[in-house]
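Working through the structure, step by step
Here is what each chain is made of, one letter per residue.
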Amino acid sequence: MTTSKTGPDRPQPRAGILDIAAYDPGRTTATGGSRLYKLAANESPLGASPAAIAAFKASADGLEIYPDSSAPPLREAIGAAHGILPSRIVCGAGSDELLNLIAHAYLSPGDEAIHSEYGFLVYAIAIRAAGGIPVVAPEKNYTAYVDAILDRVSAKTRIVYLANPNNPTGTYLPFSEIRRLHAGLPPRVLLVLDAAYAEYVRRNDYESGIELVGQAQNVVMTRTFSKIHGLASLRIGWLYGPAHLVDALNRIRGPFNVSTAAINAGVAALQDHAHVEASVAHNEEWLPRVTKALEAIGLEVTPSVGNFVLVHFPKAGGHTAAKAEAFLLALGVVLRGIAGYGLGDSLRMTIGSAEANEAAIAGLKAFMIGGS
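Procedures and definitions
Residues numbered from 1 in each chain as written. Predicted model: local features only at pLDDT ≥ 70, side-chain atom pairs only at ≥ 80, totals over all residues. Heavy atoms only, no water. UniProt positions renumbered as here; feature names shortened; annotations may be inferred. Helix = DSSP H or I, 4+ residues; strand = E, 2+ residues; numbered from the N terminus. Domains from an automatic or database assignment. Contact = heavy atoms within 4.5 Å. Buried area = accessible area lost by both parts, 1.4 Å probe. Salt bridge = Lys/Arg side-chain N within 4 Å of Asp/Glu carboxyl O. Polar contact = N/O pair within 3.5 Å; in protein donor to acceptor, adjacent residues only side chain to side chain. Nonpolar A, V, L, I, M, F, W, Y, C, P; charged D, E, K, R; others polar. Pairing = 2+ DSSP bridges. Axes fitted to C-alpha atoms, helices over the stretch in contact; angles between N-to-C directions. Phe/Tyr/Trp six-rings, centres within 6.5 Å; stacked < 30°, edge-to-face > 60°. Buried < 20%, exposed > 50% of the residue type's maximum accessible area, 1.4 Å probe, protein only. Lys NZ or Arg CZ within 6 Å of the ring centre and 35° of its normal.

Where an unreviewed UniProt entry is consulted, the chain appears under the name Histidinol-phosphate aminotransferase, with the organism given as Kaistia soli DSM 19436. The UniProt entry for the chain carries this comment under Subunit (unreviewed entry): "Homodimer."

Structural notes on the UniProt feature "domain: Aminotransferase class I/classII large" (unreviewed entry) in the chain
With numbering matched to this structure, UniProt assigns "domain: Aminotransferase class I/classII large" (unreviewed entry) to residues 37-362. The straight-line gap between the two end C-alpha atoms of residues 37-362 is 12 Å; of that span, 39% is helix and 17% is strand.

Regarding the domain arrangement of the chain
We note that the domain assignment places domain 1 (17-47 + 274-370) and domain 2 (50-272) within the chain. Taken residue by residue, the interface counts 31 residues in domain 1 and 31 residues in domain 2. Between domain 1 and domain 2, roughly 2700 Å² of surface is buried when both sides are summed, and carbon and sulfur atoms account for 67% of that area. Across the contact surface, domain 1 and domain 2 share zero salt bridges. At the surface where domain 1 touches domain 2, the tally comes to seven residue pairs in polar contact (both at pLDDT 80 or more). Listing elements by their share of the side of domain 1 that touches domain 2, those giving two or more residues are α10 (273-296) and β10 (308-312). Classifying every residue of the side of domain 1 that touches domain 2 by side-chain character gives 16 nonpolar, 13 polar and two charged.

Details of the sheet that holds β10
Taken in spatial order, the four strands make up an open sheet running β9-β10-β13-β12, and their pairing is antiparallel. The open sheet has two edge strands, β9 (300-302) and β12 (336-337), and neither has a second partner. Where α10 meets the sheet, its contacts fall on β9, β10 and β13 (346-350), and the angle it forms with β10 comes to roughly 10 degrees.

Some points on the packing of aromatic side chains
Under the criterion given, the structure shown has eight aromatic pairs. A centroid spacing of 5.0 Å and a plane angle of 10 degrees characterise the contact between Tyr-123 and Tyr-161, whose relative ring orientation is stacked. With Tyr-123 in helix α4 (residues 121-129) and Tyr-161 in strand β5 (residues 157-163), this pair connects stretches of sequence that are 38 residues apart. For the pair Tyr-123 and Tyr-161, a shared accessibility class is recorded, and that class is buried. Each ring, one from Phe-313 and one from Phe-367, has its centre 6.2 Å from the other, and the planes form 75 degrees; the classification is edge-to-face. With Phe-313 in the loop between β10 and α11 (321-329) and Phe-367 in helix α12 (residues 354-371), the pair connects residues that are 54 residues apart, well separated along the chain. The burial state of Phe-313 is the same as that of Phe-367; both residues are buried. Chaining the aromatic ring pairs together yields one cluster made of Phe-120, Tyr-123 and Tyr-161. It is Arg-289 that lies over the ring of Trp-286; its NZ or CZ is 3.9 Å from the centre.

Listed below in structure tokens is the structure:
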């Protein structure tokens, strides 16, 4: 006896999943050049701390043992470094995992979550994956605009995601504006402050969000070891939040989501203050140098407080961002195309080593002179 098919001939993902545009991590290779200068992923040009590398290598002994489920040594080290309670910290496989966990914990199908116009692409992915609806708030001068965010809060709003500083623009909101945003949100709305680039900021009116989290029940701050600490391949992120949020996330996160090698390397990285200071000093030297050099050859650069710059290409003359990206790839220089952010006439350039920065500047100068 045969049976007739009454449905799909294979398992189907939940409605809406296939509508999500997969995250584009950018190029990792170039098409030419004797050397590769990868300035597309905001990685640290100084690499990881020697102490963190040693801790990682030492973790090879005991690979058969599960890591501590909630990463207590790492949470304690983070707490000591920032003066916060380890019990209110959750660690994850990069801050990306934590941003997704927040969406899954606090969004139901049909709920809304707001992010700024040029906010990190992972926000919209996390919102949609949880069944929520992303709501985009326009920016002003490539900077998050508090009034636009507040204007879009509705009865369905559950989360506001805000990168401060923002990737890919490099802009930031002073903490007076963050407090104004928080004051305008209903208590039921969770404000997520993504401070992935906080260590690079050298502005007196900036705060990462630690103080506000300590005072409020609807604010959480996320951080990462992928930038200033140079541990991107180990995928270590952490968040600081109110006790009720920490409890909720711990109920749904993977029980061993941070490896022993990541825990040990993270602890060592936090304790190597000299390495962090060297990374900050390198960025403080080269961020303005790169900005001035690119402006001198006719490119517009959005003022940045991170370890990268957003470079805008003129609409006239045929010197497009896409052509510049291809021209640089032939020289072995990889910048980040960001058309997926709606910034098709722009490229993002990480502040790299002195050699890499000079190669990128020279390549862009040649391109603007007539290399297109």
